[in-house]
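So the chains spell out like this:
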Amino acid sequence: MKKKLLSSPPPPGHYSAACPEPRPPHGAPSAIGGPAQGAEWRRRRPLSLLPFLSLRDYGFCMAALLLFCLGSLFYQLNGGPPHFLLDLRHYLGNSTYLDDHGPPPRKVLPFPSQVVYNRVGKCGSRTVVLLLRILSERHGFNLVTSDIHNKTRLTKNEQMELIKNISTAEQPYLFTRHVHFLNFSRFGGDQPVYINIIRDPINRFLSNYFFRRFGDWRGEQNHMIRTPSMRQEERYLDINVCILENYPECSNPRLFYIIPYFCGQHPRCREPGEWALERAKVNVNENFLLVGILEELEDVLLLLERFLPHYFKDVLSIYKNPEHRKLGNLTVTVKKTVPSQESLQILYQRMRYEYEFYYYVKEQFHLLKRKFGLRSSASNSFPRPEFVIPSPLETEEPGAEDEEQDDEKWLEDIYRR
């Protein structure tokens, strides 16, 4: 009788390939080894690289990485970011890319159909108006002028009426009048493009002082029309007496003259002080296309021709025409005299806000000239006066070297940019 051979059971933990050991459920103790052996099994479990990502999440990350690589390649092949991003950065106002890599500015600004020249008195405005009359006939724009010369401050109703009359003028128009800045948008109108010209405040004051008394080269009789009620003793009042003895005409608030043209119609704009000064600066930056300096009138005309060719094309050649020069010379004030240094010092102290505004505008104007390749004469760049005032009535005439400078080449250089 054959004995049945019984194989001995395998040692614990050993299983054949045909019969794999069943794995205990997650967290359940092993039937053989108990909890300790289950923990040991968990320690030996192979770990995945990203155990918290599913297959779908992993695919999404790979797709995002691929899009990033393709976008980077597209960026480099096209030489920069999409135009939409550039426009967005420009809109937000914090772009540093455009400062160095942006496209050059357009040669001609979008054609404005509404321009206002609220000319400051005794700052070359009659010379410019003579030019505008010629230009309006040549280029076909509507030159709207006003016969009112002595009303610069308006009531609210007067502002509304004037803005309504201006806005309904046939376009394109250029409106000109001695009037303080008008805020069209305050009354629901479209804000026009503003331009203006100023000059050294003391020179402007002296020109006005003697013009009111003696007129200009067109004939001394015209001063009688402007100041018929002026008494003879007042007409021949010495300028130094007027300043040193503090006559109303030679003291504030009458000396606070230029800033209100840029500050506006608010009552505080007529009070010499920081409030009116700062408001005038803001309006220059936000509402004026160009504020030029009379001492550099040819450069002012050149930039106006550059910015507003539909109005000012050929203005420089007209201005340099000998026939126009004869007309311009007739508007020069006669019998002007230079006050003493003491009087000039007093005038400067009384006009310190006017001078701060003048030098602010002058710096902005010179910065604009440099952007368009125009040089500024060092002789015209006076330092800010502290104790020494630049001698008034001194007009820097171009020397022989400057006269030979080819201004047409300057214009060509500008349009080539």
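Residues numbered from 1 in each chain as written. Predicted model: local features only at pLDDT ≥ 70, side-chain atom pairs only at ≥ 80, totals over all residues. Heavy atoms only, no water.

Taking an unreviewed UniProt entry as the reference, the protein is identified by name as Uronyl 2-sulfotransferase belonging to Salvator merianae. The annotation that UniProt attaches to the protein under Subcellular location (unreviewed entry) is "Golgi apparatus membrane". Here the protein is described in UniProt, under the heading Sequence similarities (unreviewed entry), as follows: "Belongs to the sulfotransferase 3 family." (UniProt positions renumbered as here; feature names shortened; annotations may be inferred.)

A.B. asks: Is there a simple way to explain unusual backbone geometry in this structure?
C.D. replies: Across residues other than glycine, the phi torsion is negative in most instances, and most of the peptide bonds are trans. The residue after Gln-171, namely Pro-172, is reached through a cis peptide bond having omega 0°. Positionally, Pro-172 belongs in the loop between α6 (156-167) and β3 (173-176). That bond from Asn-252 to Pro-253 is cis: its omega, 10°, falls within 30 degrees of zero. Relative to the helices and strands, Pro-253 is located in the loop between α10 (239-244) and α11 (260-263). For Lys-122, which is not glycine, the phi torsion reads 60° and is therefore positive. The residue Lys-122 is located in the loop between β1 (114-117) and α5 (125-139) in this model. (Helix = DSSP H or I, 4+ residues; strand = E, 2+ residues; numbered from the N terminus.)

A.B. asks: What am I meant to see in the state of the cysteines here?
C.D. replies: Each disulfide consists of a covalent bond between the sulfur atoms of two cysteine residues. Summed over all chains, the structure comprises two disulfides. Shown here is the disulfide that connects Cys-242 with Cys-250, its sulfur atoms set 1.9 Å apart. Taking the torsion about the sulfur-sulfur bond, which here is approximately 105°, the covalent link between Cys-242 and Cys-250 counts as right-handed. Residue class for Cys-242 comes out buried when judged on its relative accessible area of 0%. Owing to a relative accessible area of 0%, Cys-250 belongs among the buried residues under this scheme. Bridging Cys-263 to Cys-269, the disulfide has an S-S length of 2.0 Å. On the sign convention where negative means left-handed, the S-S torsion of about -65° between Cys-263 and Cys-269 marks this disulfide as left-handed. Of the two residues, Cys-263 and Cys-269, neither departs from the other in class, the shared state being buried. (Disulfide = S-S within 2.5 Å. Buried < 20%, exposed > 50% of the residue type's maximum accessible area, 1.4 Å probe, protein only.)

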